[in-house]
Structure formats: C-alpha cells, structure tokens
Amino acid sequence: MAPLSSNSAPKPTPTWHISNLTDFDIRFADAPANEIVIEATKHATHSAQGGKFRKDVSLTEASTDSTAEGQQSFTLKRPFTLGSASKWTEMRIVANGANKARTVTPFRAFQLKASNTDQRLLVVPNRNMASYLKDIPDSVHLSNILLPGTHDSMAVHGFPFAQCQRQPLLTQLQAGIRVIDVRLAIVNGTTLTCYHGIINQQTLFSDILATLYAFLQSEEGKSECVVMSIKQEDFATNPAALFSQLVHDAIFSSSLDGNLKDKGISKRTTGGQPLPPHSPTAAATSSSRSMWYLENRVPSLGQVRGKIILFSRFGDGTGWENGIEGMGIWNTTWPNSVTPGWNWD
C-alpha cells in the first residue's frame, strides 16, 4: 500500500474517496477485507497549520459514475477534543444520501491527535463480533489469541459495591466476549446461583449454561468458543467437595434439550433475552458434556469450536473422571493479583 497525497487522484484499487484532509499521507487498502481500509497520518514534515481535524471527514465509494445507484457516502464526525490526546477516540459515522437511514456502517473510524504535528486517522472494517473467530485458522492455539473477557461477568446487581457489568450474558457474547468469569454459591443445599461476595446476582448456573449452549449451537456462534472460569464464592460457609460435585453434575448429568426445557426456555427467549437463531431443538438430546472441553491443557481453536473450555478455580479433582486432569485448565497455584502472570505444573 503506497502512500498517496490527499490532493492527488486515488489509485484504481481503493474503494473509497476521502475529502477534508489536507497534508496527510493516506494509504488505501487493496488487501483482504479484514485488514485496514484507510490509514491517514500527519507527521512533523508537514505544515504545523495544515492537516488538523478541523472538519468532519467524508468517505465516498469510488465510482466512475458519480450518479451510480447504490453508491455509498459517509461522514466521519470529528469528536470534540481540547488540545492533544494520548489515546484513540472513536468517530461517529453518519450515512449520507440514499443510505442515510442505515444504522450499521461497513467500518469504524478512530482519531488520534497527539499534537498538531502528530495526528492520525484509522478506518477499519466493522466486523461481526458474534462470529469473529471463524476468520482464525483451526490450527491456532488459544494461547496465541487475545480473547476479550469480562470480570465478574454475571454481576449486574448491587451498584455501587457489587455490580461489575451492565449487559446480560447473551449481549456480551454477541459483542465478542469469549472469556467469562462466573462466581457461584450454593443456595438451599443443591442450587448453584451467581453471587458477587454476599450479593445474590439472581441468575442460576443452569440459566448460564442454557444461554451458552444456545449461542454456541447457533449459526453465528458455532464457529466460536467460550472460556468459562468458575470460582466458589461461598467457600467459607459451604463444603468445597459439595460445590465441586454440583458443578460436575451440571456438566455431566443433563441433556441439551432438557437443560432448556427444565428452565422453560424456548428458541426465542432465555430469561427475557432473545436467543440467536437455530438454538437447540427437541432433537438435541445428547449429554451437555459434549459441549465442554475438560482437558488440562490449552487447546487449538479447531478442537473447541462450539465448546466451553472450563477454567477451574475450585476443587481438587475428587469425583471427576480423570481427577484434576478432567476438570479443564486447573492451576496448582492461584496467586493473588499477579499482573505479569505465572506458570503452573
């Protein structure tokens, strides 16, 4: 991708014309759609007075016929900033003309204004975050993929002390979250329920499983995987062995359709949330065990598409087939707040 002056005619390969940027080096992508669309940079070699984000930036689909039907045009709205900024700021994108009503644009745009002589614009494709892992080869190990996650994923109650999230689980999954942190406590002797500390988060473990199973069997989710960290939140009041057994039974003892039917969940709803299309039907009667990866090692993506990878923060393997080697990724040590990470045997 060779640099182009913003004042020169674009090469035949670019898809877009860009305007309202002066004294910027602009590169148009002619590579696959999962790479950068446009990159514009203003360096100190340019005039200190030129190249500022003084106006909104316009992008128009390249065409030899300016009246061609379906030609797309968008305006990248300049965010308000005082002075310089040390981080990228997302720009609001507005469709113009015939496409004015569309709410989903083909890309996202970001601005960085470190100084008058160091300003940047980056336009990248707007990917479907519900199924982005499908673009990654099966041979890639999960340890080589940066998987986004949420802390205390089910903690939506108890503001300002216990609440950590605002979005329900299905919304998180559809937004691209692939590592979830689930904290559970035992209620009434047999029921696993989400807690954060002493605050009941009003979600049963079985509801979490139903949402995950439905998402991972949907057309969007079947290419994905989810790492689930499970921690016992009531370890001071309930036996660790009982907690471990209840988690084991939830994984091994239910059928896919039974797990949904027992909760009164249809193909359309789960706890008030809409399910993705093609969720499990009555034909899906196999054990939910088939939805889990329980080996104590980091798998390749191809081994776990459509599965949940258990990350155990509980138990000692008692009652589990193959002991600790059969309850997912299980750490021999769990140091507190070690930022650089650690190794385990």
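Keep in mind that what you see is a predicted model, and the values were worked out from it rather than measured. Sequence positions are assigned chain by chain, starting from 1 and proceeding in written order. Only residues with pLDDT of 70 or above have their local features reported here, since the model is predicted, and side-chain atom pairs are shown and tallied only from 80 upward, although totals for entire chains, interfaces and linings are computed over all residues. Side-chain metrics rest on all non-hydrogen atoms present in the structure, leaving aside hydrogens and water.

Undergrad: How do you make sense of the side chain of Asn-296 when you look at a structure like this?
TA: Locating Asn-296 in the fold gives a position in the loop between strand S17 (292-293) and helix H5 (301-304). A polar atom in the side chain of Asn-296 sits 3.4 Å from the side chain of Glu-325. For the purposes of this entry, the term helix denotes a DSSP run of H or I that reaches at least four residues, the term strand denotes a run of E that reaches at least two, and both are numbered from the N terminus. In protein, a polar contact means a hydrogen-donor-capable atom and an acceptor-capable atom, both N or O and within 3.5 Å, with residues adjacent in sequence counting only if both atoms are side-chain atoms; elsewhere, any N or O pair within 3.5 Å suffices.

Undergrad: Honestly, the nonpolar core in this entry has me stumped. Any pointers?
TA: One broad rule of soluble globular proteins: the nonpolar side chains tend to lie buried together. Residues grouped as a nonpolar core are buried Ala, Val, Leu, Ile, Met, Phe, Trp, Tyr and Cys residues, joined through side-chain atoms within 4.5 Å. Partly exposed residues are those whose accessible area sits between 20% and 50% of the maximum for their type, while under 20% is buried and over 50% is exposed, using a 1.4 Å probe and protein chains only. Counting 34 residues, the largest nonpolar core has Ile-208, Leu-212, Met-228, Ile-230 and Trp-292 as its most contacted members. Of all the elements in the fold, those that place two or more residues in this core are helix H1 (169-174), strand S11 (179-187), strand S12 (191-196), helix H2 (205-216), strand S14 (225-232), helix H3 (240-252) and strand S18 (307-313). The leading source of residues in this core is H2, at seven residues. Should any heavy atoms of two residues lie within 4.5 Å, those residues are counted as being in contact. The residues contacting Ile-208, other than those within four sequence positions of it, are Met-154, Leu-169, Val-182, Cys-194, Thr-203 and Met-228. By size, the runner-up hydrophobic cluster in this structure holds 17 residues, among which are Ile-18, Ile-26, Ile-38 and Ala-109.

Undergrad: Mind showing me how you'd approach the packing of aromatic side chains here?
TA: Any two aromatic rings considered together are summarised by their centre-to-centre distance and by the angle between their planes. In summary, the pairing rule links any two rings of Phe, Tyr or Trp, Trp by its six-membered ring, whose centres are within 6.5 Å, and it sorts them by plane angle into stacked for under 30 degrees, edge-to-face for over 60 and tilted for everything else. Considering all chains together, one arrives at four aromatic pairs under this definition. Aromatic pair Phe-243 and Phe-314: ring centres 5.5 Å apart, planes at 75°, arrangement edge-to-face. Here Phe-314 lies in the loop between S18 and strand S19 (329-330) and Phe-243 lies in helix H3, a separation of 71 residues in the sequence. On the basis of relative accessible area, Phe-243 is assigned to the buried category, the value being 0%. A ring pair is formed by Phe-314 and Trp-320, whose centres lie 6.1 Å apart and whose planes are at 50°; its orientation type is tilted. Look at Phe-314 and you get buried, because its relative accessible area is 6%. An aromatic cluster of three or more residues is present, and its members are Phe-243, Phe-252, Phe-314 and Trp-320.

Undergrad: Mind showing me how you'd approach H2 here?
TA: What sets the pattern is the α-helix's 3.6 residues per turn: residues three or four places apart point alike. Here H2 contains twelve residues, and its C-alpha end-to-end distance of 17 Å stays within 8% of the 16 Å for a straight helix at 1.5 Å per residue. Most of H2 sits out of view: ten of its twelve residues are buried. Every buried residue belonging to H2 is among Phe-205, Ile-208, Leu-209, Ala-210, Thr-211, Leu-212, Tyr-213, Ala-214, Phe-215 and Leu-216, and all of these are buried. One fewer than the residue count of a helix, multiplied by 1.5 Å, yields its expected span.

Undergrad: Explain the environment of Leu-246 to me, please; I cannot follow it from the model alone.
TA: Turning to its location among the elements, Leu-246 is positioned in helix H3. Here the alpha-carbon distance between Leu-246 and Leu-192, two residues 54 residues apart in the chain, equals 7.4 Å. Non-local contacts of Leu-246, meaning those with residues more than four positions away in its chain, are made with Ile-186, Gly-189, Thr-190 and Leu-192.

Undergrad: Explanation requested: unusual backbone geometry in the structure shown.
TA: At the junction of Phe-159 and Pro-160, the peptide bond is cis and its omega measures out at 5° in the coordinates. Within the fold, Pro-160 resides in the loop between strand S10 (149-150) and H1. In this structure, Asn-322 is a non-glycine residue whose phi angle is positive, near 70°. Mapped onto the elements, Asn-322 comes out in the loop between S18 and S19.

Undergrad: Hey, could you run me through the side chain of Ser-218 in this one?
TA: Of note, Ser-218 is situated in the loop between H2 and S14. In this structure Ser-218 comes out as buried when scored by relative accessible area, which is 0%. One polar contact links the side chain of Ser-218 to the main-chain carbonyl oxygen of Phe-215, over a distance of 2.6 Å.

Undergrad: Help me out: how do you make sense of the pattern of salt bridges in this one?
TA: Each salt bridge in this description consists of a side-chain nitrogen of Lys or Arg and a carboxyl oxygen of Asp or Glu lying within 4 Å of one another. Counted according to the given criterion, the structure contains nine salt bridges. The salt bridge partner of Arg-305 is Asp-138, with a shortest N-O separation of 2.6 Å. Here the residue Arg-305 occupies a position in the loop between H5 and S18, and Asp-138 occupies one in the loop between strand S9 (118-125) and S10, the gap between them amounting to 167 residues. For Arg-305, a relative accessible area of 21% gives the class partly exposed. Across the pair Asp-181 and Arg-183 runs a salt bridge whose closest N-O atoms are separated by 2.7 Å. On the basis of relative accessible area, Asp-181 is assigned to the buried category, the value being 8%. Residues joined by salt bridges that share partners form a network here, namely Asp-152, Asp-181 and Arg-183.

Undergrad: Whenever I open this one, H3 confuses me. Can you help?
TA: In this model H3 runs 18 Å from its N-terminal to its C-terminal C-alpha over 13 residues, within 8% of the 18 Å that 1.5 Å per residue would give. What H3 keeps buried is the set Phe-243, Ser-244, Leu-246, Val-247, His-248 and Ile-251. Summarising the contacts, the buried residues of H3 are in contact with S11, S12, S14, S17 and S18.

Undergrad: In this structure, what is going on with the confidence of the model for the chain? I would like to understand it.
TA: Parts of the model with low pLDDT should not have their predicted coordinates read in detail. In predicted models, pLDDT denotes the confidence assigned by the predictor to each residue on a 0 to 100 scale. Residues at a pLDDT of 70 or more form 70% of the chain, whose mean pLDDT is 78. Of all secondary-structure elements in the chain, the lowest mean pLDDT belongs to strand S1 (residues 4-5), at 32, while H5 reaches the highest, 98. Every residue in residues 44-51 scores below 50 in pLDDT, and together they form 18 contacts with partners more than four places removed in sequence or on other chains. Low pLDDT, under 50, characterises residues 258-285; the predicted model gives this stretch 54 contacts beyond four residues in sequence or across chains.

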